[in-house]
Amino acid sequence: MLNYDKLVRPEVFRLSPYIPGKPADEVKRELGLERVIKLASNENPLGPSPKAIERVREMATQAHIYPDASAWALKKELASRYGVSESQIILGNGSDEILILLGQTFISPGDEAVMPAPSFPVYRTSVLLAGGTPVEVPLKDGFLDLPAMAEKINKKTKMVFICNPNNPTGAMVSRTEVEDFMNKIPEGVLVVADEAYYEYVLDPDYGDLLPYLKRGFPVVVLHTFSKIYGLAGLRVGYGLVPEEVQAFFNRVRLSFNVNAIGQAAALAALSDQEHVERSRRVNEEGKTYLQAEFRKMGLKVYRTWGNFIMVDTGRDCQVVFQKLLREGVIVRPTSAWGLMTCLRITIGSQAENEILVSALRNVLT
Ligand SMILES: *Cc1c(COP(=O)(O)O)cnc(C)c1O
(Lines give C-alpha, C1' and ligand atoms only; values in the text may rest on other atoms or scores of the structure.)
Protein backbone atom coordinates (compact mmCIF):
# COMPACT_ATOMS: atom_id res chain seq x y z
CA MET A 1 0.00 0.00 0.00
CA LEU A 2 1.26 3.45 -0.93
CA ASN A 3 1.90 5.61 2.10
CA TYR A 4 0.14 8.86 1.22
CA ASP A 5 1.34 10.45 4.46
CA LYS A 6 4.77 10.66 2.87
CA LEU A 7 3.54 11.50 -0.62
CA VAL A 8 1.32 14.46 0.29
CA ARG A 9 2.80 17.86 1.20
CA PRO A 10 2.57 18.49 4.96
CA GLU A 11 0.73 21.78 4.28
CA VAL A 12 -2.14 19.84 2.72
CA PHE A 13 -2.78 17.96 5.95
CA ARG A 14 -3.52 21.27 7.63
CA LEU A 15 -6.30 22.14 5.17
CA SER A 16 -9.91 21.11 5.53
CA PRO A 17 -12.19 20.98 2.50
CA TYR A 18 -14.39 24.03 1.94
CA ILE A 19 -18.05 23.36 2.72
CA PRO A 20 -20.08 25.07 -0.01
CA GLY A 21 -23.78 25.91 0.20
CA LYS A 22 -25.86 22.84 -0.69
CA PRO A 23 -27.10 22.95 -4.31
CA ALA A 24 -30.92 23.14 -4.60
CA ASP A 25 -31.07 20.12 -6.96
CA GLU A 26 -29.26 17.97 -4.42
CA VAL A 27 -31.80 18.85 -1.73
CA LYS A 28 -34.71 18.19 -4.10
CA ARG A 29 -33.25 14.77 -4.93
CA GLU A 30 -32.39 13.80 -1.37
CA LEU A 31 -35.61 14.93 0.27
CA GLY A 32 -38.01 14.40 -2.62
CA LEU A 33 -39.07 18.06 -2.59
CA GLU A 34 -40.41 19.94 -5.57
CA ARG A 35 -39.72 23.47 -4.47
CA VAL A 36 -36.38 24.29 -2.89
CA ILE A 37 -34.98 27.80 -2.50
CA LYS A 38 -31.32 28.49 -1.82
CA LEU A 39 -30.43 31.36 0.45
CA ALA A 40 -27.04 29.94 1.34
CA SER A 41 -24.39 31.38 -0.97
CA ASN A 42 -25.20 35.09 -1.26
CA GLU A 43 -26.17 34.80 -4.91
CA ASN A 44 -28.20 37.52 -6.61
CA PRO A 45 -31.91 36.56 -6.58
CA LEU A 46 -32.45 38.55 -9.82
CA GLY A 47 -29.89 36.45 -11.67
CA PRO A 48 -27.49 37.94 -14.22
CA SER A 49 -28.17 41.07 -16.24
CA PRO A 50 -30.03 40.28 -19.50
CA LYS A 51 -27.08 41.92 -21.27
CA ALA A 52 -24.71 39.38 -19.72
CA ILE A 53 -27.02 36.50 -20.66
CA GLU A 54 -27.07 37.72 -24.25
CA ARG A 55 -23.25 37.77 -24.37
CA VAL A 56 -23.06 34.26 -22.91
CA ARG A 57 -25.31 33.06 -25.75
CA GLU A 58 -23.18 34.77 -28.36
CA MET A 59 -19.92 33.50 -26.88
CA ALA A 60 -21.09 29.88 -26.81
CA THR A 61 -20.28 29.56 -30.51
CA GLN A 62 -16.72 30.71 -29.75
CA ALA A 63 -16.09 28.12 -27.07
CA HIS A 64 -13.33 26.49 -29.15
CA ILE A 65 -11.22 29.67 -29.00
CA TYR A 66 -8.87 30.26 -26.06
CA PRO A 67 -9.71 33.28 -23.90
CA ASP A 68 -7.76 36.53 -24.18
CA ALA A 69 -5.03 35.81 -21.64
CA SER A 70 -4.61 39.52 -20.94
CA ALA A 71 -8.39 40.13 -20.66
CA TRP A 72 -7.69 43.40 -22.46
CA ALA A 73 -11.25 44.65 -22.87
CA LEU A 74 -12.37 43.86 -19.33
CA LYS A 75 -9.24 45.39 -17.78
CA LYS A 76 -9.62 48.53 -19.88
CA GLU A 77 -13.21 49.01 -18.71
CA LEU A 78 -12.39 48.34 -15.05
CA ALA A 79 -9.40 50.68 -15.20
CA SER A 80 -11.51 53.52 -16.53
CA ARG A 81 -14.25 52.92 -13.96
CA TYR A 82 -11.90 53.04 -11.01
CA GLY A 83 -9.46 55.62 -12.34
CA VAL A 84 -6.45 53.29 -12.22
CA SER A 85 -4.21 51.98 -14.97
CA GLU A 86 -4.73 48.62 -16.76
CA SER A 87 -1.49 47.49 -15.18
CA GLN A 88 -3.16 47.81 -11.77
CA ILE A 89 -5.79 45.16 -12.40
CA ILE A 90 -5.53 41.45 -11.75
CA LEU A 91 -8.19 38.91 -12.62
CA GLY A 92 -8.98 35.47 -11.30
CA ASN A 93 -11.29 32.50 -11.57
CA GLY A 94 -13.35 34.19 -8.88
CA SER A 95 -11.70 36.30 -6.19
CA ASP A 96 -11.21 32.94 -4.46
CA GLU A 97 -8.49 32.12 -6.94
CA ILE A 98 -6.88 35.52 -6.51
CA LEU A 99 -6.70 34.92 -2.75
CA ILE A 100 -4.96 31.58 -3.27
CA LEU A 101 -2.54 33.06 -5.81
CA LEU A 102 -1.68 35.95 -3.49
CA GLY A 103 -0.61 33.36 -0.93
CA GLN A 104 1.46 31.59 -3.58
CA THR A 105 3.06 34.88 -4.61
CA PHE A 106 3.86 36.40 -1.23
CA ILE A 107 3.88 33.80 1.54
CA SER A 108 6.85 31.57 2.33
CA PRO A 109 7.05 28.93 5.05
CA GLY A 110 7.44 30.70 8.38
CA ASP A 111 5.64 33.87 7.25
CA GLU A 112 2.56 35.07 9.07
CA ALA A 113 -0.68 36.61 7.84
CA VAL A 114 -3.14 38.35 10.14
CA MET A 115 -6.85 37.81 9.54
CA PRO A 116 -10.18 38.21 11.30
CA ALA A 117 -12.07 35.17 12.63
CA PRO A 118 -14.73 34.13 11.93
CA SER A 119 -14.41 35.37 8.38
CA PHE A 120 -14.03 34.13 4.82
CA PRO A 121 -12.22 30.76 5.07
CA VAL A 122 -10.09 31.15 1.94
CA TYR A 123 -7.62 33.55 3.66
CA ARG A 124 -6.64 30.75 5.97
CA THR A 125 -6.44 28.20 3.16
CA SER A 126 -4.28 30.51 1.07
CA VAL A 127 -1.77 31.06 3.86
CA LEU A 128 -1.67 27.43 5.02
CA LEU A 129 -1.20 26.12 1.49
CA ALA A 130 1.82 28.37 1.04
CA GLY A 131 3.30 27.06 4.30
CA GLY A 132 2.59 30.23 6.26
CA THR A 133 0.88 30.71 9.60
CA PRO A 134 -2.57 32.31 9.82
CA VAL A 135 -2.83 34.60 12.85
CA GLU A 136 -6.53 34.83 13.60
CA VAL A 137 -7.94 37.77 15.52
CA PRO A 138 -11.42 37.30 17.03
CA LEU A 139 -14.25 39.60 16.00
CA LYS A 140 -15.93 41.85 18.55
CA ASP A 141 -19.66 41.14 18.44
CA GLY A 142 -19.42 40.44 14.72
CA PHE A 143 -17.17 43.42 13.89
CA LEU A 144 -13.51 43.32 12.85
CA ASP A 145 -11.18 44.40 15.63
CA LEU A 146 -8.67 46.36 13.56
CA PRO A 147 -6.67 47.70 16.53
CA ALA A 148 -6.14 44.13 17.79
CA MET A 149 -5.23 43.02 14.27
CA ALA A 150 -2.65 45.80 13.96
CA GLU A 151 -1.08 44.67 17.25
CA LYS A 152 -0.52 41.19 15.82
CA ILE A 153 1.71 42.52 13.06
CA ASN A 154 5.38 41.70 13.57
CA LYS A 155 8.53 41.10 11.51
CA LYS A 156 7.16 37.83 10.16
CA THR A 157 3.92 39.39 8.90
CA LYS A 158 3.57 39.53 5.12
CA MET A 159 -0.15 40.09 4.71
CA VAL A 160 -3.21 41.33 6.55
CA PHE A 161 -6.71 40.45 5.39
CA ILE A 162 -9.69 42.74 5.87
CA CYS A 163 -13.11 41.35 4.95
CA ASN A 164 -15.39 44.33 4.47
CA PRO A 165 -18.31 43.73 4.81
CA ASN A 166 -17.36 40.64 6.77
CA ASN A 167 -18.65 37.23 5.78
CA PRO A 168 -20.49 35.63 7.70
CA THR A 169 -21.45 38.44 10.11
CA GLY A 170 -22.20 41.25 7.62
CA ALA A 171 -20.34 43.92 9.60
CA MET A 172 -18.65 46.89 7.97
CA VAL A 173 -15.34 48.56 8.71
CA SER A 174 -15.62 52.35 8.76
CA ARG A 175 -13.46 55.00 7.13
CA THR A 176 -11.96 56.19 10.42
CA GLU A 177 -11.17 52.64 11.55
CA VAL A 178 -9.38 52.06 8.26
CA GLU A 179 -7.49 55.34 8.54
CA ASP A 180 -6.21 54.48 12.04
CA PHE A 181 -5.31 50.99 10.88
CA MET A 182 -3.42 52.07 7.75
CA ASN A 183 -1.38 54.51 9.82
CA LYS A 184 -0.13 51.58 11.89
CA ILE A 185 0.85 49.30 9.00
CA PRO A 186 4.64 49.03 8.78
CA GLU A 187 6.50 48.83 5.49
CA GLY A 188 6.65 45.38 3.93
CA VAL A 189 3.10 44.34 4.75
CA LEU A 190 0.47 43.91 2.04
CA VAL A 191 -3.08 44.78 3.10
CA VAL A 192 -5.68 42.71 1.26
CA ALA A 193 -9.18 44.21 1.44
CA ASP A 194 -11.78 41.69 0.35
CA GLU A 195 -14.71 43.86 -0.70
CA ALA A 196 -16.86 41.17 -2.33
CA TYR A 197 -20.03 43.00 -1.21
CA TYR A 198 -18.72 46.49 -2.00
CA GLU A 199 -21.55 47.31 -4.44
CA TYR A 200 -24.19 46.58 -1.78
CA VAL A 201 -22.80 49.09 0.72
CA LEU A 202 -24.70 52.37 0.80
CA ASP A 203 -23.20 53.69 4.04
CA PRO A 204 -21.17 56.89 3.48
CA ASP A 205 -18.82 55.82 6.30
CA TYR A 206 -17.73 52.70 4.42
CA GLY A 207 -13.97 52.19 4.72
CA ASP A 208 -13.17 51.15 1.16
CA LEU A 209 -9.42 50.77 0.52
CA LEU A 210 -9.24 52.08 -3.05
CA PRO A 211 -8.23 55.60 -1.93
CA TYR A 212 -5.18 54.07 -0.21
CA LEU A 213 -4.16 52.27 -3.39
CA LYS A 214 -4.35 55.62 -5.17
CA ARG A 215 -2.20 57.21 -2.46
CA GLY A 216 0.48 54.59 -3.12
CA PHE A 217 -0.10 52.20 -0.20
CA PRO A 218 0.61 48.50 -0.84
CA VAL A 219 -3.00 47.35 -0.83
CA VAL A 220 -4.99 44.82 -2.83
CA VAL A 221 -8.69 45.62 -3.23
CA LEU A 222 -10.72 42.57 -4.24
CA HIS A 223 -14.10 42.75 -5.95
CA THR A 224 -16.12 40.06 -7.69
CA PHE A 225 -18.73 39.48 -10.38
CA SER A 226 -20.24 36.69 -8.25
CA LYS A 227 -22.37 38.79 -5.93
CA ILE A 228 -24.29 41.85 -7.12
CA TYR A 229 -23.43 41.14 -10.77
CA GLY A 230 -25.03 37.71 -10.49
CA LEU A 231 -22.31 35.76 -12.32
CA ALA A 232 -21.11 33.37 -9.59
CA GLY A 233 -21.29 30.40 -11.96
CA LEU A 234 -18.92 32.01 -14.47
CA ARG A 235 -16.14 32.65 -11.94
CA VAL A 236 -14.74 36.16 -12.47
CA GLY A 237 -13.14 38.20 -9.71
CA TYR A 238 -10.66 41.06 -9.87
CA GLY A 239 -8.19 42.97 -7.78
CA LEU A 240 -7.06 46.59 -7.90
CA VAL A 241 -3.37 46.54 -7.05
CA PRO A 242 -0.03 48.33 -7.31
CA GLU A 243 1.62 47.68 -10.71
CA GLU A 244 4.34 45.61 -9.08
CA VAL A 245 1.76 43.27 -7.58
CA GLN A 246 0.24 42.72 -11.02
CA ALA A 247 3.67 41.91 -12.48
CA PHE A 248 4.42 39.25 -9.83
CA PHE A 249 0.88 37.89 -9.87
CA ASN A 250 1.17 37.37 -13.64
CA ARG A 251 4.15 35.10 -13.14
CA VAL A 252 2.15 32.87 -10.81
CA ARG A 253 -1.27 32.68 -12.45
CA LEU A 254 -2.07 30.40 -15.37
CA SER A 255 -2.48 32.31 -18.66
CA PHE A 256 -6.11 31.37 -19.17
CA ASN A 257 -7.34 31.58 -15.60
CA VAL A 258 -10.41 33.64 -16.56
CA ASN A 259 -12.59 31.93 -19.17
CA ALA A 260 -13.74 33.67 -22.33
CA ILE A 261 -17.46 33.52 -21.57
CA GLY A 262 -16.86 34.93 -18.11
CA GLN A 263 -14.81 37.84 -19.47
CA ALA A 264 -17.49 38.74 -22.02
CA ALA A 265 -20.35 38.39 -19.54
CA ALA A 266 -18.53 40.48 -16.93
CA LEU A 267 -17.97 43.28 -19.41
CA ALA A 268 -21.65 43.23 -20.41
CA ALA A 269 -22.71 43.14 -16.75
CA LEU A 270 -20.67 46.29 -16.06
CA SER A 271 -22.56 48.09 -18.82
CA ASP A 272 -25.89 47.36 -17.10
CA GLN A 273 -25.80 49.56 -14.02
CA GLU A 274 -29.61 49.60 -13.97
CA HIS A 275 -29.49 45.93 -13.10
CA VAL A 276 -27.06 46.73 -10.30
CA GLU A 277 -29.39 49.46 -9.03
CA ARG A 278 -32.36 47.11 -9.12
CA SER A 279 -30.37 44.43 -7.28
CA ARG A 280 -29.42 46.93 -4.61
CA ARG A 281 -33.03 48.04 -4.20
CA VAL A 282 -34.33 44.47 -3.89
CA ASN A 283 -31.62 43.84 -1.33
CA GLU A 284 -32.48 46.92 0.75
CA GLU A 285 -36.19 46.05 0.76
CA GLY A 286 -35.47 42.44 1.63
CA LYS A 287 -33.09 43.49 4.39
CA THR A 288 -35.69 45.71 6.05
CA TYR A 289 -38.36 43.03 5.78
CA LEU A 290 -36.21 40.16 7.07
CA GLN A 291 -34.69 42.12 9.95
CA ALA A 292 -38.16 43.08 11.16
CA GLU A 293 -39.45 39.50 10.85
CA PHE A 294 -36.41 38.01 12.61
CA ARG A 295 -36.83 40.48 15.47
CA LYS A 296 -40.50 39.55 15.77
CA MET A 297 -39.33 35.97 16.24
CA GLY A 298 -37.12 37.15 19.07
CA LEU A 299 -33.84 36.34 17.30
CA LYS A 300 -30.66 38.34 17.71
CA VAL A 301 -30.06 40.01 14.35
CA TYR A 302 -26.54 41.12 13.44
CA ARG A 303 -26.34 44.41 11.57
CA THR A 304 -25.43 43.86 7.94
CA TRP A 305 -24.01 45.91 5.09
CA GLY A 306 -24.13 43.02 2.58
CA ASN A 307 -26.75 40.82 0.91
CA PHE A 308 -27.00 38.38 3.81
CA ILE A 309 -28.02 38.48 7.45
CA MET A 310 -26.62 36.54 10.36
CA VAL A 311 -29.13 35.66 13.08
CA ASP A 312 -28.65 33.92 16.37
CA THR A 313 -31.37 31.32 16.78
CA GLY A 314 -30.37 30.42 20.32
CA ARG A 315 -30.39 26.71 19.40
CA ASP A 316 -28.16 24.23 17.64
CA CYS A 317 -27.94 25.73 14.15
CA GLN A 318 -27.29 22.34 12.50
CA VAL A 319 -30.67 21.18 13.77
CA VAL A 320 -32.42 24.34 12.57
CA PHE A 321 -30.61 24.03 9.22
CA GLN A 322 -31.73 20.41 8.76
CA LYS A 323 -35.32 21.26 9.64
CA LEU A 324 -35.30 24.17 7.18
CA LEU A 325 -34.05 21.81 4.47
CA ARG A 326 -37.13 19.69 4.97
CA GLU A 327 -39.18 22.87 4.48
CA GLY A 328 -37.35 23.36 1.18
CA VAL A 329 -35.12 26.23 2.30
CA ILE A 330 -31.32 26.09 2.20
CA VAL A 331 -29.49 28.51 4.48
CA ARG A 332 -25.96 28.42 5.88
CA PRO A 333 -25.39 27.19 9.42
CA THR A 334 -22.36 28.90 10.93
CA SER A 335 -21.06 25.94 12.93
CA ALA A 336 -18.07 25.56 10.56
CA TRP A 337 -17.02 29.02 11.81
CA GLY A 338 -17.45 27.95 15.42
CA LEU A 339 -20.72 29.87 15.85
CA MET A 340 -22.93 27.01 16.97
CA THR A 341 -26.30 28.77 17.13
CA CYS A 342 -26.30 31.16 14.17
CA LEU A 343 -27.49 31.03 10.59
CA ARG A 344 -26.27 33.13 7.69
CA ILE A 345 -29.22 33.83 5.44
CA THR A 346 -28.94 35.37 1.98
CA ILE A 347 -31.44 38.14 1.29
CA GLY A 348 -33.54 36.77 -1.58
CA SER A 349 -36.43 38.03 -3.66
CA GLN A 350 -39.53 39.10 -1.70
CA ALA A 351 -41.19 35.77 -2.56
CA GLU A 352 -38.16 33.80 -1.33
CA ASN A 353 -37.90 35.90 1.81
CA GLU A 354 -41.54 35.19 2.66
CA ILE A 355 -41.05 31.45 2.18
CA LEU A 356 -37.99 31.60 4.44
CA VAL A 357 -39.83 33.53 7.14
CA SER A 358 -42.75 31.15 7.21
CA ALA A 359 -40.43 28.10 7.20
CA LEU A 360 -38.32 29.53 10.01
CA ARG A 361 -41.43 30.23 12.07
CA ASN A 362 -42.52 26.61 11.62
CA VAL A 363 -39.13 25.32 12.59
CA LEU A 364 -38.65 27.51 15.66
CA THR A 365 -42.07 26.97 17.18
C1 LIG B 1 -18.34 35.28 -2.16
C2 LIG B 1 -17.10 35.81 -1.57
C3 LIG B 1 -15.89 35.83 -2.26
C4 LIG B 1 -15.60 35.03 -3.47
O5 LIG B 1 -16.23 35.17 -4.55
P6 LIG B 1 -15.77 34.57 -5.92
O7 LIG B 1 -17.00 33.90 -6.40
O8 LIG B 1 -14.63 33.61 -5.74
O9 LIG B 1 -15.37 35.77 -6.69
C10 LIG B 1 -14.78 36.41 -1.69
N11 LIG B 1 -14.85 36.94 -0.48
C12 LIG B 1 -15.97 36.94 0.23
C13 LIG B 1 -15.98 37.55 1.57
C14 LIG B 1 -17.13 36.36 -0.28
O15 LIG B 1 -18.23 36.32 0.47
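1. Focus: the packing of aromatic side chains
By the definition in use, this model includes 11 aromatic pairs. Both rings, one in Tyr-123 and one in Phe-161, keep their centres 4.8 Å apart while their planes meet at 15°; by these two values the pair is stacked. In this pair, Tyr-123 is assigned in helix H7 (residues 122–129) and Phe-161 in strand S5 (residues 157–163), connecting sequence segments 38 residues apart. On the numbers, 5.1 Å between centres and 50° between planes, the contact of Phe-225 with Tyr-229 is tilted. For the pair Phe-225 and Tyr-229, a shared accessibility class is recorded, and that class is buried. These aromatic residues form a ring-pair network of at least three members: Tyr-82, Tyr-198, Tyr-206, Phe-225, Tyr-229 and Tyr-238. In this structure, Arg-344 packs its charged tip against the face of Phe-308, placed 5.8 Å from the ring centre.

2. A few points about the domain arrangement of the protein
Each domain of the protein was delimited in the assignment, giving domain 1 (7–47 + 274–364) and domain 2 (50–270). One C-alpha centre belongs to domain 1, the other to domain 2, and the line joining them spans 24 Å. Taken together, the contacts link 28 residues of domain 1 with 31 residues of domain 2. In this assembly, domain 1 packs against domain 2 so that about 2,700 Å² is buried in total across both faces, 64% of it on carbon and sulfur atoms. Across the contact surface, domain 1 and domain 2 share nine residue pairs in polar contact (both at pLDDT 80 or more). Here the element with the most residues in the side of domain 1 that touches domain 2 is helix H13 (residues 273–296); it accounts for six residues. Across the side of domain 1 that touches domain 2, the residue classes break down as nine nonpolar, 11 polar and eight charged.

3. Remarks on the nonpolar core
Of all hydrophobic cores here, the largest spans 51 residues; its most connected members are Leu-78, Phe-181, Met-182, Leu-209, Phe-225 and Leu-240. The contact partners of Leu-209, leaving out residues within four places of it in the chain, are Val-178, Met-182, Val-191, Ala-193, Glu-195, Val-219 and Val-221. Formed by 30 residues, the second largest nonpolar core is a distinct cluster that contains Leu-324, Ile-330, Val-357 and Val-363.

Reading guide: rules and limits
Numbers given for residues are sequential positions, taken from 1 along each chain in its written order. Given that this is a predicted model, residues contribute local features only at a pLDDT of at least 70 and side-chain atom pairs are listed and counted only at 80 or more, while totals for whole chains, interfaces and linings are drawn from all residues. Heavy atoms from the whole structure form the basis of all side-chain values; hydrogens and water molecules are not counted. Working definition: a ring pair exists when centres of Phe, Tyr or Trp rings (six-membered ring for Trp) sit within 6.5 Å. Plane angles under 30 degrees give stacked, over 60 give edge-to-face, the rest tilted. Only runs of H or I of at least four residues qualify as helices and only runs of E of at least two qualify as strands under DSSP, and these elements are numbered from the N terminus. The rule is simple: take the accessible area with a 1.4 Å probe, protein chains only, and divide by the maximum for that residue type; under 20% is buried, over 50% is exposed, in between is partly exposed. Charge-over-ring placement is defined geometrically: NZ (Lys) or CZ (Arg) within 6 Å of the ring centre, and within 35 degrees of the ring normal. Annotation comment: domain bounds sourced from an automatic or database domain assignment. Contact between two residues is taken to exist if any of their heavy atoms lie within 4.5 Å; hydrogens are not considered. Accessible-area loss on putting two parts together, using a 1.4 Å probe and summing over both, is the definition of buried area adopted here. Pairs of N or O atoms are called polar contacts if they sit within 3.5 Å, as long as, within protein, a hydrogen donor faces a hydrogen acceptor (for residues adjacent in sequence, only side-chain-to-side-chain pairs). Each residue is assigned to one of three groups, with Ala, Val, Leu, Ile, Met, Phe, Trp, Tyr, Cys and Pro labelled nonpolar, Asp, Glu, Lys and Arg labelled charged, and all others, Gly among them, labelled polar. The nonpolar core is taken to be a set of buried Ala, Val, Leu, Ile, Met, Phe, Trp, Tyr and Cys residues, with the residues joined through side-chain atoms within 4.5 Å.

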